[in-house]
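A closer look at the structure
Next come the chains, spelled out residue by residue.
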Amino acid sequence: QQQVKQSPQSLIVQKGGISIINCAYENTAFDYFPWYQQFPGKGPALLIAIRPDVSEKKEGRFTISFNKSAKQFSLHIMDSQPGDSATYFCAASKGSDNKLTFGGGTRVLVKP
Amino acid sequence: EPEVTQTPSHQVTQMGQEVILRCVPISNHLYFYWYRQILGQKVEFLVSFYNNEISEKSEIFDDQFSVERPDGSNFTLKIRSTKLEDSAMYFCASKIGSRNTEAFFGQGTRLTVV
């Protein structure tokens, strides 16, 4: 019940295209859903996060869509750039215990 | 910009040896974590630490693991008798507050057990 399932495992998109990564969770106690971006040899860095009281959050080219009833959330990267090539992790946590439960990661490659 | 700093960046150790991974969290943060990432797999929670004690640990964090905050700045992870399967990237993270605040990750220590 603690799992967060992420798909796809990898994604190739042309420059200017849209990258879409999906996550699903089981634990309805989760109340914070961040997305992390990780470049090779670096630690995960927070990209954008959402709470379940909103259905969408946009920051620049990055948008999280959240569907509470379906227990799913997704990351959309608009106008993908080669610099966006990285591994993206969705995660979830519940306020009572702080720890992050990560999805399996999606390796995104943006081709110029 | 403040950052979480981890040392060393890479550690190679013989099976059965003890290793200590070091972290300097962001100075005004109160919550500290260790996560690990086995090559090609997802990031997994190991332990959380607050107010000088462990607040939660995963089933991975067994008796061979321990954490310590020996002074006001360092946060360490000790693995007492390393096994081959401990080979992974270990990430330290810190947060300023408890609920729904951003966790800042260090760049990681790659531990290789041979």
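One can find the structure itself at the top, above this paragraph.
Residues numbered from 1 in each chain as written. Chains lettered and ligands numbered in written order. Predicted model: local features only at pLDDT ≥ 70, side-chain atom pairs only at ≥ 80, totals over all residues. Heavy atoms only, no water.

1. Things to note about the interface of chain B and chain A
The following threshold applies: Residue contacts follow a heavy-atom distance rule, with two residues in contact if any of their heavy atoms lie within 4.5 Å. Buried area, as used here, totals the accessible surface that two parts lose on assembly, with accessibility defined by a 1.4 Å probe and the loss added over both. Any carboxyl oxygen of Asp or Glu that lies within 4 Å of a side-chain nitrogen of Lys or Arg is treated as forming a salt bridge with it. Each helix is a run of DSSP H or I of at least 4 residues and each strand a run of E of at least 2, with the numbering of both proceeding from the N terminus. Residues are grouped as follows: Ala, Val, Leu, Ile, Met, Phe, Trp, Tyr, Cys and Pro are nonpolar; Asp, Glu, Lys and Arg are charged; all remaining types, including Gly, are polar.
Listed per partner, the contact involves 20 residues of chain B and 21 residues of chain A. Both sides of the chain B and chain A interface together cover about 1700 Å² of buried area, and 50% of this is carbon and sulfur. Contact with chain A buries surface across chain B, with B:K42, B:N100 and B:F105 losing the most and accounting together for 32% of the total. A salt bridge links B:E56 to A:K99; the shortest N-O distance between them is 2.6 Å. Looking at the side of chain B that touches chain A, the elements with two or more residues in it are β4 (31-37), β5 (43-50) and β9 (88-95) of chain B. When the residues that make up the side of chain B that touches chain A are grouped by side-chain class, the tally is 8 nonpolar, 7 polar and 5 charged.

2. Focus: the pairing of strand β5 (residues 45-50) of chain A
All names here are of chain A. What counts here: Think of it this way: DSSP has to see at least two bridges between two strands before they count as a pair.
As judged from the 5 bridges shared by strand β4 (residues 33-38) and β5, these two strands associate in the antiparallel manner. Its bridge partner lying in β5, Y36 is registered against L46. Two successive antiparallel strands, β4 and β5, enclose a turn made up of 6 residues, where G41 displays a positive phi of approximately 80°.

3. Some details on the sheet that holds strand β3 (residues 19-25) of chain A
Through backbone hydrogen bonds, the strands of a sheet pair up, either in parallel or in antiparallel fashion. Residue and element names in this part refer to chain A. Just so we agree on the cut-off: Lines are fitted to the C-alpha atoms to define the axes, a helix being fitted only along its stretch in contact, and any angle between axes, read from their N-to-C directions, falls within 0 to 180 degrees.
In space, the 5 strands of this open sheet follow the order β1-β3-β8-β7-β6, with antiparallel pairing throughout. Edge positions in the sheet fall to β1 (4-7) and β6 (56-59), since each of these pairs with one other strand and no more. Taking each pair of neighbouring strands and ignoring which way they run, the sheet shows an average axis angle of 15°. Two elements, β1 and β3, share 4 bridges in a ladder whose sense is antiparallel. Considered in β3, the bridge of S7 is made with N22.

4. Section: the sheet that holds strand β1 (residues 5-7) of chain B
All names here are of chain B. Here 4 strands make up an open sheet; going across it, the order is β1-β3-β8-β7 and the pairing antiparallel. Two strands bound the open sheet, and with one partner strand each, they are β1 and β7 (65-68). Sheet twist, expressed as the mean angle between neighbouring strand axes with direction ignored, is 20°. Sheet topology note: the strand β3 (residues 19-24)/strand β8 (residues 75-79) ladder contains 5 bridges and is antiparallel. Among the inter-strand pairings, L21 is bridged to a residue of β8, identified as L77.

5. Focus: the state of the cysteines
Put simply, the test is: When two cysteine sulfur atoms lie within 2.5 Å, the pair is treated as a disulfide. Classification of residues uses two cut-offs on accessible area relative to the type maximum, computed with a 1.4 Å probe and protein chains only: under 20% is buried, over 50% is exposed, and between them is partly exposed.
Counted under the stated rule, the structure contains 2 disulfides over all chains. Two residues, A:C23 and A:C90, share a disulfide whose sulfurs are 1.9 Å apart. Looking down the S-S bond of the A:C23 and A:C90 bridge, the torsion is -95°, so its handedness is left-handed. Placement of A:C23 in strand β3 and of A:C90 in strand β9 (residues 86-92) is noted, with a sequence separation of 67 residues between them. Judged by its relative accessible area of 2%, A:C23 falls in the buried class. Between the sulfur atoms of B:C23 and its disulfide mate B:C92 the distance is 1.9 Å. Measuring handedness by torsion sign, the sulfur bridge of B:C23 and B:C92 sits at about -65° and is left-handed. With B:C23 in strand β3 and B:C92 in strand β9, the pair connects residues that are 69 residues apart, well separated along the chain.

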